[in-house]
Amino acid sequence: MTRPATRKKTIETTLRFGWTTGTCATAAVNAAYTAMVTGQFPDRVTIVTPSGKNADLEVADMASGHDQRGAWFRAGIVKDAGDDPDVTHGALIRASVWTARPGSGVSFRGGEGVGTVTKPGLPIPAGEPAINPVPREMMQGAVADLAQALGGPEDVEIEISVPDGAQIALKTWNPRLGIEGGISILGTTGVVRPFSCSAWIASIHRGIDVARANALTHVMGSTGATSEGWGRATYQLPDIALIDMGDFVGGMLKYMRRHPVPNLSILGGFGKMVKLSQGATDLHSARS
């Protein structure tokens, strides 16, 4: 058995998957909404993720009160990223809900630790909280299902917050993407797959989208911190022009072929650049 095959088998059979921030936020909305309608917080909630997996999650934070918007109910879920080295692992994802005016539907606010989009090019327009489209759909679906099951309101305001989210965000791509003040609520499948190549490549794509939307004419893809540091000093590019491509040069180039930028620099160590010159599009040592 080859070394790559052995590694692939190990990943498929022993690593534990986790839940996205979008799944945790949806579970928190479920618990908070249930308390708003019934007066009781559930100890656990189960939601169906877009991938079809059932997420059975413990409710770790419960509170209620009144403010200028009326009665509010808040629940929190501690994110479990499984065996993925996710910087949001262990973060408390909170959702607070209020009854909104009739006909207003479901609206979203960003609370403490949730970033605000400040630049074009992302799926959410500038000025909006960084709660991505799929998590929004998940939370809207949870409200619709619970409203029908419990006879509660369909018009609610949801505020998502993450204590320490501003500090966690400094370890993510958010500052480079123009997302300020906190983390993003993410996830397209609802599931965190350990060491996911697709998640990294999706981040590369969003970086290119932001660069294009801000009319940059030069972007730089780097394999690591050393090459990026050299390029930053040499080209004097803004942060949103710096793409942390890692080993996934192919994922970057294929997307840029369809979404071009006039000038692209690719930086990396000598060994990885030799592999690229030989036609390798994944520069990881296990694959090229």
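Look up a bit, the structure's there.
Predicted model, so just to flag it, every value in this text is computed and none were measured.

Caption draft 1: Geometry of the pairing of strand 9 (residues 156-161). Strand 9 sits mainly inside the fold: six of its six residues count as buried. Residues of strand 9 alternate between two faces, with Val 156, Ile 158 and Ile 160 on one and Glu 157, Glu 159 and Ser 161 on the opposite face, all of them buried. Sheet topology places strand 6 (residues 92-99) next to strand 9; six bridges connect them, and they run antiparallel. When the sheet's bridge partners are listed, Val 97 is paired in strand 9 with Ile 158. As paired elements, strand 7 (residues 106-110) and strand 9 share five bridges and run parallel to each other. If you follow Gly 110 over to strand 9, its bridge partner there is Ile 160.

Caption draft 2: Region of interest: the side chain of His 205. For His 205, the position within the fold is in helix 6 (residues 197-213). The buried category is assigned to His 205, whose relative accessible area is 16%. A distance of 3.3 Å separates the side chain of His 205 from the backbone oxygen of Gly 251, its partner in a polar contact. Not counting the four nearest positions on each side in its chain, His 205 is found in contact with Gly 251 and Tyr 255.

Caption draft 3: Region of interest: the nonpolar core. Counting 40 residues, the largest nonpolar core has Met 139, Ile 158 and Ile 160 as the members making the most contacts within it. Mapped by element, the contributors of at least two residues to this core are helix 2 (21-38), strand 2 (44-48), strand 3 (54-58), strand 5 (70-78), strand 6, helix 3 (133-150), strand 9 and helix 4 (165-169). Per-element accounting of this core gives the leading share, ten residues, to helix 2. Core analysis: the second largest hydrophobic core is formed by 29 residues, Ile 124, Leu 216, Met 256 and Ala 280 among them.

Caption draft 4: Quick look at the sheet that holds strand 13 (residues 242-244). Read from one edge to the other, the open sheet built from three strands follows the order 13-12-14, with strand pairing classed as parallel. Looking at the sheet topology across the chains shown, the edges are occupied by strand 13 and strand 14 (263-267). Direction aside, the axes of adjacent strands within the sheet are offset by 20° on average. Lying over the sheet, helix 6 contacts strand 12 (218-222) and strand 13, oriented at roughly 170° with respect to strand 13. Relative to strand 14, helix 8 (residues 249-258) is tilted by about 175°, and along the sheet it contacts strand 12, strand 13 and strand 14.

Caption draft 5: Structural context of the pairing of strand 12. Across the five residues of strand 12, five count as buried, placing the element largely inside the fold. Covered by surrounding structure in strand 12 are His 218, Met 220 and Ser 222 together with Val 219 and Gly 221, the residues of both alternating faces. Sheet topology places strand 12 next to strand 14; five bridges connect them, and they run parallel. Note on strand 14: the bridge partner recorded for Met 220 is Ser 265.

Caption draft 6: Representation of the pattern of salt bridges in the model. Tallied over the full model, the rule gives 17 salt bridges. The salt bridge partner of Asp 67 is Arg 69, with a shortest N-O separation of 3.8 Å. Asp 67 gets classed as partly exposed once you look at its relative accessible area, which sits at 28%. With a closest N to O distance of 2.5 Å, Asp 282 and Arg 287 form a salt bridge. Owing to a relative accessible area of 19%, Asp 282 belongs among the buried residues under this scheme.

Caption draft 7: Structural view of the sheet that holds strand 6. The strand order 4-5-6-9-7 describes an open sheet built from five strands, whose pairing is mixed. Whereas interior strands pair on both sides, the edge strands pair on one side only; in this sheet they are strand 4 (61-67) and strand 7. In this sheet, neighbouring strand axes are inclined to one another by 20° on average, regardless of whether the strands run parallel or antiparallel. In the packing of helix 2 onto the sheet, the strands contacted are strand 5, strand 6 and strand 9, and the crossing angle to strand 6 comes to about 40°.

Definitions and limits used
Residue indices begin from 1 for each chain and proceed along its sequence in written order. pLDDT decides what is reported in this predicted model: residues at 70 or higher carry local features, side-chain atom pairs at 80 or more are listed and counted, and totals for whole chains, interfaces and linings draw on all residues regardless. The side-chain figures draw on all heavy atoms in the structure; neither hydrogens nor water molecules are used. For every residue, the accessible area obtained with a 1.4 Å probe (protein chains only) is divided by the maximum for its type, and the residue is called buried under 20%, exposed over 50%, and partly exposed between those limits. Where helices and strands are cited, they refer to DSSP runs of H or I of at least four residues and of E of at least two residues respectively, numbered from the N terminus. Following DSSP output, two strands are said to pair if at least two bridges run between them. Counting of polar contacts relies on pairs of N or O atoms within 3.5 Å, with two restrictions inside protein: one atom must be capable of donating a hydrogen and the other of accepting it, and residues adjacent in sequence are counted only when both atoms are side-chain atoms. In this analysis, two residues are considered to be in contact whenever any of their non-hydrogen atoms come within 4.5 Å of each other. To qualify as a nonpolar core, a set must consist of buried Ala, Val, Leu, Ile, Met, Phe, Trp, Tyr and Cys residues joined through side-chain atoms within 4.5 Å. Lines fitted to C-alpha atoms define the axes here, with helix axes fitted over just the stretch in contact, and angles between the N-to-C directions of these axes take values from 0 to 180 degrees. By salt bridge we mean one thing: a side-chain nitrogen of Lys or Arg within 4 Å of a carboxyl oxygen of Asp or Glu.

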